[in-house]
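As a plain string of letters, each chain reads:
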2 protein chains.
Amino acid sequence: MGNIFGRLEGSEPSAGVVLTGSHCDAIPLAGMYDGTLGVIGAIEALAALQQAGFKPVRPIEVMMFTSEEPTRFALSCSGSRAMAGALTPAELEAKTDAGGLHFLQASGAGYAGAPPASVANQVGYGAASTGEMLEAVRVAPEAVAYFVELHIEQGPFLEREGTDIGVVTAIAAPAALEVHFTGDGGHAGGQLMPIRNDAGLAGAELALAVERHVLGTGSGDTVGTTGTFEVSPGAINSVPREARLAIDIRDTDGPRRDSVVEGVLASAADIAHRRKVRVASRIINQDPPATCHASIVEAVAASAKQLGLSTKHMVSRAYHDSLFMARVAPTGMIFIPCRNGWSHRPDEFSSPEDIANGVNVLALTLAHLSGGSWPKVEL
Amino acid sequence: MGNIFGRLEGSEPSAGVVLTGSHCDAIPLAGMYDGTLGVIGAIEALAALQQAGFKPVRPIEVMMFTSEEPTRFALSCSGSRAMAGALTPAELEAKTDAGGLHFLQASGAGYAGAPPASVANQVGYGAASTGEMLEAVRVAPEAVAYFVELHIEQGPFLEREGTDIGVVTAIAAPAALEVHFTGDGGHAGGQLMPIRNDAGLAGAELALAVERHVLGTGSGDTVGTTGTFEVSPGAINSVPREARLAIDIRDTDGPRRDSVVEGVLASAADIAHRRKVRVASRIINQDPPATCHASIVEAVAASAKQLGLSTKHMVSRAYHDSLFMARVAPTGMIFIPCRNGWSHRPDEFSSPEDIANGVNVLALTLAHLSGGSWPKVEL
Ligand SMILES: [Mn+2]
Ligand SMILES: [Mn+2]
Ligand SMILES: [Mn+2]
Ligand SMILES: [Mn+2]
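Only a predicted model underlies this, so the values are computations on that prediction, with no experimental measurement involved. Sequence order sets the numbering: in each chain, residues are counted from 1 along the sequence as written. Here the convention is simple: chains get letters from A, ligands get numbers from 1, in the order in which they are written. Local features are withheld for residues below a pLDDT of 70 in this predicted model, meaning they are given only at 70 or higher, and side-chain atom pairs are given and counted only at 80 or more; totals for whole chains, interfaces and linings count all residues. With hydrogens and water excluded, all non-hydrogen atoms of the structure serve as input to the side-chain values.

### Regarding the coordination of the manganese ion (ligand 4)
Residue and element names in this part refer to chain B.
Argument step 1. Only His 23 (NE2), Asp 34 (OD) and His 151 (NE2) from the protein coordinate the manganese ion (ligand 4), and they sit 2.0 to 2.3 Å from it.
Argument step 2. Donor atoms (N, O, S) are those found within 2.8 Å of the metal centre, with the cutoff raised to 3.2 Å for Na, K and Ca; water is not part of the atom list, so apparent gaps in a site can occur. Every donor residue of the manganese ion (ligand 4) comes from the same chain, spaced as H-x10-D-x116-H.
Argument step 3. Here the manganese ion (ligand 4) and the manganese ion (ligand 3) are spaced 3.7 Å apart, linked through Asp 34, which binds each one. Taken as a pair, His 23 in strand E2 (residues 17-23) and Asp 34 in the loop between E2 and helix H1 (36-51) lie far apart in primary sequence, eleven residues in all. Labels follow the DSSP assignment, with helices taken as runs of H or I lasting at least four residues and strands as runs of E lasting at least two, numbered in each case from the N terminus.

### Let's talk about the coordination of the manganese ion (ligand 2)
Argument step 1. The manganese ion (ligand 2) binds to the protein through His 23 of chain A (NE2), Asp 34 of chain A (OD) and His 151 of chain A (NE2); the donor distances cover 2.0 to 2.3 Å.
Argument step 2. Sequence spacing among the residues donating to the manganese ion (ligand 2) works out to H-x10-D-x116-H.

### Quick notes on the layout of surface pockets
Argument step 1. Definitions used for this entry: grid spacing 1 Å over protein atoms alone; cavity, a set of points where a 1.4 Å probe fits but cannot get out; pocket, an open set with protein on both sides within 12 Å along at least 5 of 7 lines; lining residue, one with an atom within 4 Å of a point. Grid points are joined across faces, edges and corners, and a volume is the space filled by probe spheres set on the points. In this structure, the largest pocket encloses a volume near 740 Å³.
Argument step 2. In this structure, the largest pocket is lined by 29 residues; those nearest its centre are Pro 70, Thr 71, Phe 73, Ala 74 and Glu 178 of chain A.
Argument step 3. Put simply, the parts of the chain that give the lining of the largest pocket at least two residues each are strand E7 (173-182), strand E8 (223-232), strand E9 (242-251) and strand E10 (278-286) of chain A.
Argument step 4. Within this model, the second largest pocket holds a volume of roughly 490 Å³.
Argument step 5. Going through the elements one at a time, strand E7 (173-182), strand E8 (223-232), strand E9 (242-251) and strand E10 (278-286) of chain B are the ones with two or more residues in the lining of the second largest pocket.
Argument step 6. Here the lining of the second largest pocket takes six residues from E7 of chain B, the largest share from any one element.
Argument step 7. Ten residues, namely Ala, Val, Leu, Ile, Met, Phe, Trp, Tyr, Cys and Pro, are considered nonpolar, four, namely Asp, Glu, Lys and Arg, are considered charged, and the remaining ones, Gly among them, are considered polar. Residue composition of the lining of the second largest pocket, grouped by class: 14 nonpolar, seven polar and five charged.

### Things to note about the pattern of salt bridges
Argument step 1. Criterion for a salt bridge: a side-chain nitrogen of Lys or Arg within 4 Å of a carboxyl oxygen of Asp or Glu. Enumeration over the complete set of coordinates arrives at 34 salt bridges over all chains.
Argument step 2. The salt bridge partner of Asp 221 of chain A is Arg 317 of chain A, with a shortest N-O separation of 2.1 Å. One end of the pair, Asp 221 of chain A, is in the loop between helix H8 (199-216) and E8; the other, Arg 317 of chain A, is in the loop between strand E12 (311-316) and helix H11 (321-325), with 96 residues separating them in the sequence.
Argument step 3. Buried means the residue's accessible area, taken with a 1.4 Å probe over protein chains only, is under 20% of the maximum for its type, while exposed means over 50%, and partly exposed covers the values in between. Taking the relative accessible area as the measure of exposure, Asp 221 of chain A reaches 26% and is therefore partly exposed.
Argument step 4. Residue classification places Arg 317 of chain A among the buried residues on the basis of a relative accessible area of 16%.
Argument step 5. Note that Arg 256 of chain A is salt-bridged to Asp 251 of chain A, the shortest N-O span being 2.6 Å.
Argument step 6. Bridged by salt links that share partners, the residues Glu 205, Asp 270, Arg 274 and Arg 275 of chain A together with Glu 211 of chain B form one connected network.

### Section: the domain arrangement of chain A
Residue and element names in this part refer to chain A.
Argument step 1. Where each domain begins and ends is defined by an automated method or by a domain database. According to the domain assignment, chain A contains domain 1 (4-85 + 138-172 + 289-373) and domain 2 (175-286).
Argument step 2. Look at where the C-alpha atoms of domain 1 and domain 2 centre, and you get two points 35 Å apart.
Argument step 3. Should any heavy atoms of two residues lie within 4.5 Å, those residues are considered in contact. With seven residues of domain 1 in contact, the opposing surface of domain 2 contributes six residues.
Argument step 4. Between domain 1 and domain 2, the buried area comes to about 660 Å², and carbon and sulfur atoms account for 53% of it.
Argument step 5. For the domain 1 face of the interface with domain 2, the top three residues by lost area are Ala 172, Arg 317 and Tyr 319, together amounting to 57%.
Argument step 6. The interface formed by domain 1 and domain 2 contains one salt bridge. Here the quantity called buried area is the total loss of accessible area, with a 1.4 Å probe, experienced by two parts when brought into contact, counted for both.

### Describing the relation of the copies chain A and chain B
Argument step 1. Take chain A, turn it by 180°, move it 0.1 Å along the axis, and it overlays chain B with an RMSD of 0.1 Å. What the rotation and shift describe, once combined, is the action of a two-fold rotation axis. The C-alpha atom lying nearest the rotation axis in chain A is that of Ala 204 of chain A; the distance is 2.2 Å.
Argument step 2. Most of the interface of chain A is mirrored in chain B, where 100% of its interface residues are also at the interface. Only residues with pLDDT of at least 70 in both copies count here: their C-alpha atoms drive the least-squares fit that superposes the copies.

### Digging into the pairing of E7 of chain A
Residues and elements named next belong to chain A.
Argument step 1. Across the ten residues of E7, nine count as buried, placing the element largely inside the fold.
Argument step 2. Here, any two strands with at least 2 DSSP bridges between them count as paired. Relative to E9, E7 runs antiparallel, the two sharing ten bridges. Each residue of the ladder has a partner; that of Phe 181, found in E9, is Ala 243.
Argument step 3. Pairing geometry for E7 and E10, over eight bridges, is antiparallel. When the bridges of E10 are listed, Ala 176 appears paired with Asn 285.

### Description of the interface of chain A and chain B
Argument step 1. Listed per partner, the contact involves 61 residues of chain A and 62 residues of chain B.
Argument step 2. When the area that chain A buries against chain B is broken down by residue, the three leading residues are His 187, Met 193 and Ile 236 of chain A, summing to 14%.
Argument step 3. Seen at the junction of chain A and chain B, the total is two salt bridges.
Argument step 4. A salt bridge links Glu 211 of chain A to Arg 275 of chain B, with the shortest nitrogen-to-oxygen separation between them at 2.7 Å.
Argument step 5. We call two N or O atoms a polar contact when they sit within 3.5 Å, provided that within protein one can donate a hydrogen and the other can accept it, with sequence-adjacent residues counted only if both atoms are side-chain atoms. At the surface where chain A touches chain B, the tally comes to 18 residue pairs in polar contact (both at pLDDT 80 or more).

### Some thoughts on the packing of helix H10 (residues 294-306) of chain B against helix H12 (residues 352-370) of chain B
All names here are of chain B.
Argument step 1. A fitted line through C-alpha atoms serves as each axis, taken over the contacting stretch for helices, and the angle formed by two N-to-C directions is quoted from 0 to 180°. Two elements in contact, H10 and H12, have axes separated by 8 Å at closest approach and are oriented at 125°. The angle between the axes of H10 and H12 places the two elements in the oblique class. Crossing of H10 against H12: the hand is right-handed. Contact residues: H10 offers Ser 295, Ile 296, Ala 299, Val 300, Ser 303, Ala 304 and Gln 306, while H12 offers Val 361, Leu 364, Thr 365, His 368 and Leu 369.
Argument step 2. When the residues that make up the contact of H10 with H12 are grouped by side-chain class, the tally is seven nonpolar, five polar and no charged. Note on angle classes: values under 35 degrees are labelled roughly parallel, values over 145 roughly antiparallel, values of 65 to 115 roughly perpendicular, and the remainder oblique. Take the far helix as the reference: if the near one is turned anticlockwise from it by less than a right angle, the crossing is left-handed, and if turned clockwise, right-handed.

Written as structure tokens, this is what we have:
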């Protein structure tokens, strides 16, 4: 799959590892911190442990996940889904980017331009088939004792309250929908209003309905976004024939999130009926929320306390590879403040001080979870 | 400019010409008839006149206009605007396509990749500057005695009423707006609803407001279309930072059209204020309607009558190169039915019989306007 690992050996090499890491891929117009912090920060944490002479019992591994962001292949958390066994060969083989390149071709196996039929049998990484490759990527039972991810908050609360470290207790439940409206198009001058069935206006209504359903929950924790809105043919003098929307809905509460998903799908059908356009709606994913493991929550809180840092227990509204790692290993996350809560934008920022705090808490947490010994301090 | 001409000499070569033609460029996902009919049909009409042995007095010229559709350079009717003197060097030099190629580079002068600064002085077509080139393209006083354009109706009326030929009396007034909303974007999970300023939702509201303003006129002749709707960054997990809309508004009544334009601009400002996004609105063009010249209206009607075809006097709701030619010469148009009124879509269709009718009416109209003699019929 292209997940990349590094290892700091422990005194018990066969023990389940303490794993940490995140992703380095980014959406277009992104910032420098989402994901990357958790990879570079993990490498720094291990370096700090080594410099301090720490000797782990369980091996500690750093990793970088493949394609956490869903932008290129419309699939989030590709690497961690595969590690959790939540990805089938058929799903993966069907994934192409906007240029028609298959995931398995783009993954560096060297088959750019190869016909899709041959992809399934040429997956690289030494595997004979996609199924065999995915099987090799899965986390074996007990192989990962703990997974910890360091990440920027991507929300405003730590900064607003002047708190140093967020101790994540749960990860909100994400869902993604794709809605495709199709009308008959026509000439923007010649096609009079009563005979139009404008797919673009159906899309506009649905984008506003997403917002209305989310606000209708009355919950401050529910969010819904129409992040992709494409009309075709996309000419000023042509009535839109097609509109393609990609909609993201998340909540800390699974059933409440599901009620919004149902509301949006019902609105899509209703709008299509009223505007006489055809509609095809598809749920891309609708994952359950994840709970962080008590042993890691405690280790993170204790590490922060040991360093004199203030903490806040909180829920992650963004999803992460941790959402899937939680299915196969005890999982936890460490958040640091990010300016104004801004993320997924070029002015995303976390201060060097906050980054150092996060890396220090991660290092101590890994040491706690690994077990091991610090060098004797000369008094 | 790339306008292309062919000439059937008349017995008075220095007399103002009878000019006919249209365009062959098309929007994406277009049909085969819009524009092309008026070029190929004009060549056929001249061939028919020659075969019939007709000897014109005024020269008859066929032409193909450059870039009637505004899709590539966001400028409609480039060739006819230039002929009407309605295009400045600065406007033309500023036009680039999505790939950053300048109009003057793309026009075949062979400067692909040349730096923009050099474009103004290398316009090809033997001119030393864009200004000199545009001056050479302008129709000289009295040079064009009449302009006639054959076109598909792009509306349903001729077919619905079983009428053979539309005699166009006026061309509706088109306007084009560009509206650009900018918000702050953010992460689709982390950015809670109350602190969002989603540019995509501002765009969705405006697209629906365009429809509302148009329907609010109570007039069946007013149309408004949001044909282009682009959100950025366009990722499912990112709140849209930007939305760019291109809006087309047309009416047979200029002032009523202008009131819709004003309403849409006011809505854009109001939506931006309510949703706390920035807005930049720009009128790309807002052209007056054109009236067809009585002498051509009469010649078309007489020609159709002579051929035993039924006629309907009507207004063109689509615009055409005729809109600009009407500024420099007496102008008229001939419409033929098109299936279901569909245009600007791949299933655009006019029957071979209707095309033959249109070409025959055009041929006779050109003969009427040119003056001249038919061969003596042997009885
Ligand atoms: Mn992200
Ligand atoms: Mn991330
Ligand atoms: Mn057209
Ligand atoms: Mn046309």
